[in-house]
Amino acid sequence: MTDGRQIEIIAWSEADRARLYGAPRTATVAEALRDGAFLLRQPFDRRLADLRVGDVDLVVRMQADISLDEPLYRAVPVPRQAQPPGRQAPAPSAGPPPPAREAVPSFPEQLNDRSAVGLAYAAEIETIASFLRQGLSVLVSCEKLVVEQLGPLIAERSGRQAVVLDTPPEDSDPGASLMMPRSQRQRQLARLRELLRELKDGMFLIVPHADLLAGGPDNQLNSETREVVELLYNHSEHVVLAFADPSIGLPEVLASRFTARIGLAGSPRTVPDPVDSHPRLLGEVLVTRPERELFQGYDPDEFHKHVAGLNPIRVRQAMRYAFHQHRGREKPTGLDLFKTIRGFKAQMSASFEVPNVSFDDIGGYHEVKKEIDDALKIMQGTTAADADEELLQSDLIPRGFIFHGPPGTGKTLFAKAIANRLNATIMVVSGPEVTDKYVGEGERKIRELFAEARRNAPSVIVFDEFDAIAGRRTGRDDGGSRAGNAMVAQLLTELDGFREQVPFLVVGTTNQLTLIDPALLRPSRFRGIRIGEPDRIARRAIIEVHARRFKIDLAPQLIDLMVDATELRSGDDIQSLLRDAYVGQKLHGRPAGDSFVIGELVGRMNRAIKEHRESSL
Ligand code: ADP
C-alpha cells in the first residue's frame, strides 16, 4: 500500500534518476536516497526512512523540470561518507577529495563550538558540500549563531576553495536592526562585486549574512537589494553558498538564485558515526565526560527531548551553564540537569517561561483531566524513539488542543499544567495582539512565534482568544478577511510542517468553538475540549485548592454553603473570593475563615456580576 507514502524526489542527473528507479525493492528509502544527489519537495519525513522502496511510491523528477522558486528540502538525514568507495555520490568534480573522518568519541574530555556544530550537523554539512562540489549554489537557512562555524566546516568538506564575503561588524546585529547601515551595505556590495569578478573556476563564494545584505524579505525591493539580486544573477555561473536566518528571510527573487535550499534547525536525536554510520546519541557526543560524571544517573537517551529545539552551540552553552550551576553542590542528578536546561531556555527567551502549575492545582474537571491525559500519552508515545509505526502513520494524533468555554474556567491553567507535565516551557500569546491590520504582518508574527517555540522545544504556545487569529475563513476577499485567511493558512502550514520528533504543542482558548475555522478541527490538528462552568464537585475542589493556597481555614458547613452560593460562577470568581478574604485579613484583620465575612463577600460578588450583566444588556 502506498497511500500517503508518496515521496517526490528531485534528481540532478539522469544517472541518479535511473539508479533510484533501479534500487532493489528491499532497500530502505534512506539507503536508496543516499546513493545520489537528491532533494525533496517536502521536508523529509523521518518515518519513511526505514520503509522498503517496494512499499512506497517514489516519484522522481529532474531538477530542470521544476520551477526555480520552489523551495526544496534535504533528502536524507544520514551522511554518505560511509558508503563503499565508488558508490559515493556525487563525485567531486574539482579539487582534492574531502578529508577522511574519524570516529566520534563518546563523552569527550572537552568540546568546542566548532566541533559541536560539525558533529550535530554532519549529515547536512555533507549534503551541502556535495552540492557545492557539483557546482550548484546553496542557500542555507539557519540561526546566525551557527553561521560562523558552518561556513568553514562546509568549505573543508567540499574540498574546494572558498572565498568569504567579510562578515559585517558587530553594530549590524540583527537584534538591533534588520538591515546593515546603508553605508556599510554599500561597502559590502562593492566588495561582493569585486569578489564575483575575481572568483576562479572551482572556487565558491560564501555570503554569511545574505539576509542582512538584502535588507530582509520586503516585497518592495530597495535599490541596494536590487543591486544584490542583479549582481548574483549576472554571475550565475559562480557557485555561491549563502546563509540567511529564518526569522529574517530573503526576498523570494533572491532566494530563487539558489538551486538548493537547505534548512538547519535545532539538534538531531542521533548523529551517524562517520566511520560506520552507526547512530550515536546526541546525549553521548555533545556531553563531556566531566559533565556526565557530575550528574548522577544522567540518561543520554532522554537528553534530546530537553534540547531538541536548541542549535548545537546553544546545547553546549546550556551544558556549560548547568555544569557551573551545579559544580560543588551535593550530588546533583540527571533530573537536576534537565530542570536547569529548562531554566536556561526560559532565560534565553523573553517570552517563554517555566510553568509552575500542576494538575493537582486544578480543582475538579476529572473527565477533562482524563481526556487530556489520554491525548498526552498518545502524543508522548509518538515522540518516543520506539514509536509505534501504525500510530505514526495515523492521522489521529492532534498537534494541540482548543479549550472552549466561558472565561475564567481555567483554560489557561490547563495549558500550563500540560506544559509542566511535558517538562516544557510555555508562552501565552493574546490572539488579538497577533492580529494586525496590515496584510502580512500577522503571518510574520505567527512564523516568528513558531520559530521561537521550536527553539524552546519542548514547548507549548497558548493563543488566548484563538478565534481572533483562527476564525472561520470567509470566501470574500475584502481587506480584513484576506488578512484572516492568510493567518489561518500560515497556522496550517506551521502545524503540518511540524511532524518531527520534537515535543511541541499549541493550545488555543476561545469562548465559542463555532468561531474557529473548521480546517483546524481535523483530528490531526486540534482536539476541541469543552471546559464549562464548574459543577458542584469542581466548585468544592476549587474552594479547597485556593483555601489551601491562601491558608484559610474553612469549616465543612461553610464550604457546603459556598458550593451552593457559587453556582454558575467560574474558578476565577471563586479564586478572587478567597483572595479578597485573605486580603481583608491581612489589611484589616477580618478573620478570613469567618462565615459572616465569607457570606458578605459572596453576596458582593453575586451583586457585582448581576449589575455587570444588566449594564451590558
Ligand atoms: P481562562 O483561561 O479560562 O479564562 P484562567 O485559566 O486564566 O481562565 O483562570 C483564571 C484563574 O482562575 C486561574 O489563575 C485560577 O486561579 C482560577 N481557576 C480557574 N479554574 C480553576 C480550577 N479548576 N481550579 C483552580 N483554580 C481555577
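What you see is a predicted model; the values in this text were computed from it and never measured.

Caption draft 1: Focus on the site of the ligand. The immediate surroundings of the ligand are formed by 16 residues, with G363, G408, K411, T412 and H546 found nearest. One nitrogen or oxygen atom from the main chain of G408 is found 2.8 Å from an oxygen atom belonging to the ligand. In this structure, an oxygen atom belonging to the ligand sits 3.2 Å away from a main-chain N or O atom of T409. Protein contact buries 83% of the 570 Å² of open area that the ligand shows by itself. The class makeup of the residues in the shell around the ligand is five nonpolar, eight polar and three charged.

Caption draft 2: Representation of the pattern of salt bridges in the model. Across all of its chains, the model carries 21 salt bridges by this definition. A salt bridge links D113 to R320; its shortest N-O distance comes to 3.8 Å. Of the two residues, D113 is situated in helix 3 (residues 113–120) and R320 in helix 13 (residues 312–326); the sequence distance between them amounts to 207 residues. According to the relative accessible area criterion, R320 is partly exposed, its value standing at 32%. Across the pair E126 and R157 runs a salt bridge whose closest N-O atoms are separated by 2.9 Å. Residue E126 is found in helix 4 (residues 122–133), and its partner R157 is found in helix 5 (residues 144–158); the two are separated by 31 residues along the sequence. Taking the relative accessible area as the measure of exposure, R157 reaches 8% and is therefore buried.

Caption draft 3: Representation of the nonpolar core. Counting residues in each nonpolar core, the largest one holds 54 residues, and the members touching the most others are V138, L150, L241, F243 and F303. Residues in contact with V138, not counting those within four places in the same chain, are I128, F131, L132, V240, L241, A242, F258, A260 and I262. The next biggest cluster of nonpolar side chains, apart from the first, holds 47 residues, and it includes I418, V462, A581 and V597.

Caption draft 4: View of a nonpolar patch on the surface. On the surface, a cluster of nonpolar side chains totalling about 270 Å² of accessible area is made up of Y582, V583 and L587. If you trace the backbone, V583 turns up in helix 24 (residues 571–588). Judged by its relative accessible area of 36%, V583 is partly exposed.

Caption draft 5: Molecular detail of the packing of aromatic side chains. All told, the structure shown has 13 aromatic pairs when counted by the stated rule. When the ring of Y365 is compared with that of F414, the centres are 6.0 Å apart and the planes differ by 85°; the resulting orientation is edge-to-face. On the criterion of sequence distance, the pair formed by Y365 in the loop between helix 14 (334–348) and helix 15 (366–383) and F414 in helix 17 (residues 411–421) is long-range, its members being 49 residues apart. Here Y365 and F414 have matching classes, each one buried. Pairwise contacts between aromatic rings join F359, Y365, F401, F403 and F414 into one cluster. Positioned above the aromatic ring of F107, the side-chain terminus of R292 is 4.3 Å from the ring centre.

Definitions and limits used
- Residues numbered from 1 in each chain as written.
- Predicted model: local features only at pLDDT ≥ 70, side-chain atom pairs only at ≥ 80, totals over all residues.
- Heavy atoms only, no water.
- Near = heavy atom within 4 Å.
- Polar contact = N/O pair within 3.5 Å; in protein donor to acceptor, adjacent residues only side chain to side chain.
- Areas by Shrake-Rupley, 256 points an atom, 1.4 Å probe, with all protein chains shown as cover.
- Nonpolar A, V, L, I, M, F, W, Y, C, P; charged D, E, K, R; others polar.
- Salt bridge = Lys/Arg side-chain N within 4 Å of Asp/Glu carboxyl O.
- Helix = DSSP H or I, 4+ residues; strand = E, 2+ residues; numbered from the N terminus.
- Buried < 20%, exposed > 50% of the residue type's maximum accessible area, 1.4 Å probe, protein only.
- Core = buried A, V, L, I, M, F, W, Y, C linked by side-chain atoms within 4.5 Å.
- Contact = heavy atoms within 4.5 Å.
- Patch = residues over 30% accessible without salt bridge, like charges linked within 9 Å, V, L, I, M, F, W, Y side chains within 5 Å.
- Phe/Tyr/Trp six-rings, centres within 6.5 Å; stacked < 30°, edge-to-face > 60°.
- Lys NZ or Arg CZ within 6 Å of the ring centre and 35° of its normal.

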